[in-house]
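Summary of the model geometry
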Amino acid sequence: DYLLEKMKKDPRVVAITSATPTVMGFTEDKRKEAGSQFIDVGIAEETAVAVASGIAANGGKPVYGVYSTFVQRTFDQISQDLCINNNPATIVTFWGSVYGMNDVTHLGLQDIPMLSNIPNLVYLAPTTKEEYLAMLDWSIDQNEHPVAIKLPGGELVSDGKTVTKDFSKLNQYEVTQQGSKAAIIGLGTFYGLGKETAALFEEKTGVRPTVINPYYITGLDETLLENLKKDHSVVITLEDGILDGGFGEKIARFYGNSDVKVLNYGLKKEFLDRYDVTEVLKKNHLTKEQIAEDIEKILQ
């Protein structure tokens, strides 16, 4: 519905799919409504990104919606066609989450390591519907960067808040709760887990942790991270994906030669198949009780 409204106002807006039109809600009636502003390239993710790059290079505003698990098929085009040329296309990755598809050939747990290490790409992680639509507004209308947006896994939260953030000021995180001693950086889907962990920890110890929404997967807010050194001795990172090569390791590298300890939480590098989400979260120490206990131990 959002994209159809954009299309009606601006003929340069084009939605692209690689044989999964309903991932963006484009049922048959909505495809007809979109007309030539909707392109289905078939099961050819490589073509989808090449087409998006070409449209963007010529002044169009393409939005490619793709399941996270299929991003691997088009890594080459994202890097070579899109990012080397710095063309301002938008890619929305869906179900890149422990809450997403869970059979072994459709796991979507590797998009953070894959996409966040490609030069020029800005990869964003909204925590609410409002943030997601604000990111799309910015991404579609800007012409400086290729942008990917990681749609949160599980239920998409709507908090009704107006988003005023200027996403063109890259890599600026937001402190949503000011505290001390421990800082919790919750990326995308796991921002909610970060808030819950902070509340539990404060209830148990009386210490109020700082909570941070980083927004940007592809860059560090070095000013904010540096400032945390003044009154924080531990930084926690939470991400909904494989830890190896991911977001948390970038934070850990930043603090490498300092006295700040960093605990990275995410998923172990392994092939899972038809798993129980609750079991996987517990096995990877991704419950608020486990994380709060870890913070307590390290601050003793």
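The present account deals with the structure reproduced in this document. (Residues numbered from 1 in each chain as written. Predicted model: local features only at pLDDT ≥ 70, side-chain atom pairs only at ≥ 80, totals over all residues. Heavy atoms only, no water.)

The full count for this structure, using the stated rule, is 7 aromatic pairs. Look at Phe26 and Phe38: their rings are 4.7 Å apart centre to centre, the planes differ by 35°, and that puts the pair in the tilted class. Residue Phe26 is found in the loop between β1 (13-17) and α2 (28-34), and its partner Phe38 is found in strand β2 (residues 38-40); the two are separated by 12 residues along the sequence. Judged on exposure class, the residue Phe26 and its partner Phe38 are both buried. Connected via pairs of aromatic rings, a cluster forms that spans Tyr67, Phe70 and Trp95. (Phe/Tyr/Trp six-rings, centres within 6.5 Å; stacked < 30°, edge-to-face > 60°. Helix = DSSP H or I, 4+ residues; strand = E, 2+ residues; numbered from the N terminus. Buried < 20%, exposed > 50% of the residue type's maximum accessible area, 1.4 Å probe, protein only.)

Right, let's get into the nonpolar core. In terms of nonpolar packing, the biggest core is built from 67 residues, with Phe26 and Leu124 touching the most fellow members. Dropping the residues within four chain positions of it, Phe26 is found in contact with Leu3, Leu4, Met7, Ala15, Pro21, Arg31, Ala34 and Phe38. Grouped together as the second largest cluster of nonpolar side chains are 27 residues, Leu109, Ala198, Val280 and Leu286 included. (Core = buried A, V, L, I, M, F, W, Y, C linked by side-chain atoms within 4.5 Å. Contact = heavy atoms within 4.5 Å.)

Note on placement: Arg253 falls in helix α9 (residues 247-254). On the accessibility criterion, Arg253 (61% relative accessible area) is exposed. Arg253 sits 224 residues away from Asp29 along the chain, and the two C-alpha atoms are 49 Å apart.

The 6 strands are arranged β2-β1-β3-β4-β6-β5 in an open sheet whose pairing can be described as parallel. Strand pairing shows two members of the sheet lacking a second neighbour, β2 and β5 (122-124), which therefore form its edges. Averaged over all pairs of adjacent strands, the angle between strand axes in this sheet comes to 20°, irrespective of strand direction. Of the strand pairs in this sheet, strand β4 (residues 90-94) and strand β6 (residues 147-150) are connected by 4 bridges, and their pairing is parallel. Within the sheet, the bridge partner assigned to Thr93 lies in β6 and is Lys150. (Pairing = 2+ DSSP bridges. Axes fitted to C-alpha atoms, helices over the stretch in contact; angles between N-to-C directions.)

Moving on, we come to the sheet that holds strand β8 (residues 181-186). Pairing is mixed in the open sheet, where 5 strands are placed in the order β7-β9-β8-β10-β11. Either end of the sheet is taken by a strand with one partner, and the two such strands are β7 (174-177) and β11 (261-267). When the angles between neighbouring strand axes are averaged without regard to direction, this sheet yields 25°. In this fold α9 packs onto β8, β10 (232-242) and β11, with an angle of close to 155° to the strand it touches most, β10. Packing against the sheet, helix α11 (residues 288-299) makes contact with β8, β10 and β11, and its axis sits at approximately 155° to β10.

So, about the packing of helix α1 (residues 2-9) against helix α6 (residues 129-141). At a minimum axis distance of 12 Å, the contact between α1 and α6 shows a crossing angle of 30°. Taken as axis vectors, α1 and α6 run roughly parallel relative to one another. As for how α1 packs across α6, the hand of that crossing is right-handed. Note on element contacts: α6 touches α1 through Leu133, Leu136, Asp137, Ile140 and Asp141, opposite Tyr2, Leu3 and Lys6. Residues of the contact of α1 with α6, tallied by class, amount to 5 nonpolar, no polar and 3 charged. (Parallel < 35°, antiparallel > 145°, perpendicular 65-115°, else oblique. Left-handed = near helix turned anticlockwise from the far one by under 90°. Nonpolar A, V, L, I, M, F, W, Y, C, P; charged D, E, K, R; others polar.)

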